[in-house]
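Each chain is listed here by its residues.
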Amino acid sequence: MTKTENNGSIGIGQWRLSRLHRSIFVLMTFGGLFSLVHAASDISGTLIWTCSNQLNGTAYGDGVLNDFRSTKFPSPKTGGFKITSVEQVWLAFPSYCLIKGAIQPTSPGGIDPAVKAPDYRVPDINYQVYIPSQWNGKFAQLGGGGFAWSADVVAAGLQANQQFSPSSQGAALSNYAVVLSDAGAGESSKAFDPQFVRPGKQLSDVPRQEAVKNFGQDSIKKSLDVGLYLVKKLTKATPTDTYFVGISTGGRQALKAIANWPDAYDGVIAGAPPVDETNLLKTLEVPAAVNDWVVNWNSGAAMLTSLFGQDVSEQTLSNGLGATSRHLADVAIESGADYDGYNRLLDALAPVWNVKPGDLANFFDAAASQKRAGKKGKKIIIYQGTSDFLVPCTQAGEFVSKLSRKATASEVNNSVRAYFVEDYSHGFYNTNSLLKRIGLSPLQLNWSAVADLDKWVHDANALAGAPSLARNASGGIPGDQELNAWKCLAPH
């Protein structure tokens, strides 16, 4: 194991367990309060020691991740990773260990030869790992919304990464070990402005950039490997099941994860996945000028318009995502392209960012092989709102329609469920749905997607727990006629 030691232990300054906290901790963990939750085991005794004492190396070399890598589906290399803080939180239900850190660039010194600017450095991938004292032995990787959001697993002392959540997945995942990263995009999601895409010496350089590949796919496996390493190091156990859960960009990441590394995941949940992200960006107008005020105003206007059950105009959406299209247009121009460079750049980015139905071929092979061996299944759950103002229903509709033509019926029926949810917008209900179903809140589908996925992975005959207002409660792939009726197929 390659490891750079720092002879002071990490995070000890943040590990403060007062006598009062010790007393409460003993009552919580040995009083049996959590024994029936998610069939979780009490590993608090292990975490007391390992969370503080076994993370005394501030930096780890890439080689420690080799145990989590497959030769058939290789992981992207990292430049190593570091731990920036460790915190034990006892006054939470359940108590947990929270690790924060950064995965460093593969490019030596962060200098990317595919970027024109000589002073540019590839950004770190910031990550967080959450390990509960009452652990069910399972592992969940969370995707990011927007352009990846920030790597914040825990909010206000609770494991509650709920942006774009289909239900209270914070509570649903409280007994899972969890990893989340920002994909190297930092805080770019705030203005939907992917500043991590930089001009190259020529247009073909741009998709080769490490930051671009991190956002598109590489950060997924880099973060998973780091998360698994730290969970095993702290719990002395390898997780029994590994899932990926995400919506929007996180939904695309979920499908990328199972397409690129099908042996690493037992199942994924992909909500509103922009599987054809570059084509989605092509529909936007490229404004001559844009500023954050215009972007934030129009982004907010789009969400409010959708929330009150109204259609969002293409112009409003274009203005709301104006910073993205303007920045990419500038990248194309500075990389030597002429006036049509914006579309040409998106074409170059497509193989890195987009997911095609044919990309799941290795997943179906792995699922079939596992089924023949009598082992647990490999499953995909996709859900999409029919009134999504940001990622059109046609994205998921076209994807599953083509998927059902490329894969055999048994492959799809055994491994894929896809729900199309009436009036559901991008991460929240609109008013039309709220009026139809008294008691539904804007951020809920009254559906525990994680529990549904877990049951199905372990029982091929498990009944589908469909989200509220699902047009197809069985999760079976709808035919083109139904998808057309729901306006979830693009006109051909």
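Each remark here, short or long, concerns the structure printed above.
Attention in this report is confined to the structure presented alongside it. Residue positions within a chain follow its written sequence, with the count starting from 1. In keeping with the predicted nature of the model, local features appear solely for residues at pLDDT of at least 70, side-chain atom pairs appear and are counted solely at 80 or more, and the whole-chain, interface and lining totals rest on all residues. Think of the side-chain values as coming from all heavy atoms in the structure, minus any hydrogens and water.

1. A short note on the nonpolar core
Within the largest apolar cluster, 62 residues are counted, with the highest numbers of intra-cluster contacts made by F81, I99, L230, I380, F399 and F420. Only buried residues count toward a nonpolar core. Its members are Ala, Val, Leu, Ile, Met, Phe, Trp, Tyr and Cys residues joined through side-chain atoms within 4.5 Å. Exposure is judged per residue with a 1.4 Å probe applied to protein chains only, and the accessible area is read against the type maximum: over 50% gives exposed, under 20% gives buried, and values in between give partly exposed. Judged by nonpolar contacts, the second largest core, of 34 residues, contains Y120, A183, L321 and L328.

2. Regarding the state of the cysteines
Joining two cysteines, a disulfide is a covalent bond between their sulfur atoms. By definition, disulfides here are pairs of cysteine sulfur atoms that lie within 2.5 Å. On inspection of all chains with the given rule, the structure shows two disulfides. With its sulfur 2.0 Å from that of its partner, C51 forms a disulfide with C97. Residues C51 and C97 share a disulfide whose torsion about the S-S bond is about 80°; that sign makes it right-handed. Of the two residues, C51 is situated in helix α2 (residues 44–53) and C97 in strand β5 (residues 96–103); the sequence distance between them amounts to 46 residues. For the purposes of this entry, the term helix denotes a DSSP run of H or I that reaches at least four residues, the term strand denotes a run of E that reaches at least two, and both are numbered from the N terminus.

3. Topic: the environment of S335
By the element assignment, S335 lies in the loop between α9 (322–334) and α10 (341–353). As for S335 and D205, which are separated by 130 residues in sequence, their C-alpha atoms are 8.2 Å apart. Residue contacts for S335: discarding those within four places in its chain leaves K116, P199, G200, K201, Q202, L203 and V206. Should any heavy atoms of two residues lie within 4.5 Å, those residues are counted as being in contact.

4. Remarks on the pairing of strand β12 (residues 241–247)
Of all seven residues in β12, seven are buried, a share of seventy percent or more. Where burial is concerned, the two faces of β12 agree: the one with D241, Y243, V245 and I247 and the one with T242, F244 and G246 are both buried. Think of it this way: DSSP has to see at least two bridges between two strands before they count as a pair. Relative to β12, strand β8 (residues 138–142) is paired through five bridges, and the arrangement is parallel. For L142, the partnering residue across the bridge sits in β12 and is V245. Crossover handedness is defined here as right-handed if the route from the first strand over the helix to the second strand goes clockwise, with the strands pointing away from the viewer. Following the backbone out of β12, through helix α5 (residues 249–260) and into the adjacent parallel strand β13 (residues 267–271), one traces a crossover that is right-handed.

5. Looking at helix α12 (residues 393–406)
A helix is expected to span 1.5 Å for every residue after the first. Taking 1.5 Å per residue, 14 residues should reach 20 Å; α12 reaches 20 Å between its end C-alpha atoms and fits that length. C393, Q395, A396, G397, E398, F399, V400, S401 and L403 are the residues of α12 that are buried.

6. Let's talk about the pairing of strand β15 (residues 416–421)
With six of its six residues buried, β15 lies for the most part within the structure. Residues of β15 alternate between two faces, with V416, A418 and F420 on one and R417, Y419 and V421 on the opposite face, all of them buried. Here strand β14 (residues 379–385) pairs with β15 via six bridges, running parallel. Residue pairing in the sheet places Q384 in a bridge with F420 of β15.

7. Notes on the environment of L307
For L307, the position within the fold is in helix α7 (residues 292–307). L307 gets classed as partly exposed once you look at its relative accessible area, which sits at 25%. The residues touching L307, leaving out its near neighbours within four places in the chain, are F428, Y429, N430 and T431.

8. A word on the environment of A151
Mapped onto the secondary structure, A151 falls in the loop between β8 and β9 (154–155). Classification of A151 by relative accessible area gives buried; the value is 12%. When the C-alpha positions of A151 and I125 are compared, they lie 8.8 Å apart, and in sequence the two are 26 residues distant. When residues no more than four places from it in sequence are discounted, the contact partners of A151 are N126, Y127, Q128, L180, S181 and D182.

9. What about the pattern of salt bridges?
Between Lys or Arg on one side and Asp or Glu on the other, a salt bridge is scored when a side-chain nitrogen of the former is within 4 Å of a carboxyl oxygen of the latter. Enumeration over the complete set of coordinates arrives at 18 salt bridges. Between R344 and D338 there is a salt bridge; the shortest N-O distance is 3.4 Å. Residue R344 is classed as partly exposed on the basis of its relative accessible area of 37%. Take D338: its relative accessible area is 44%, and that puts it in the partly exposed class. Between D480 and R405 there is a salt bridge, with the nearest N and O atoms lying 3.5 Å from each other. Of this pair, D480 sits in helix α16 (residues 480–485) while R405 is found in helix α12, placing the two residues 75 residues apart along the sequence. Assessed through its relative accessible area of 34%, D480 is described here as partly exposed. In this structure R405 comes out as exposed when scored by relative accessible area, which is 55%. Salt bridges sharing common partners tie together D62, R69, K77, K221 and D225.

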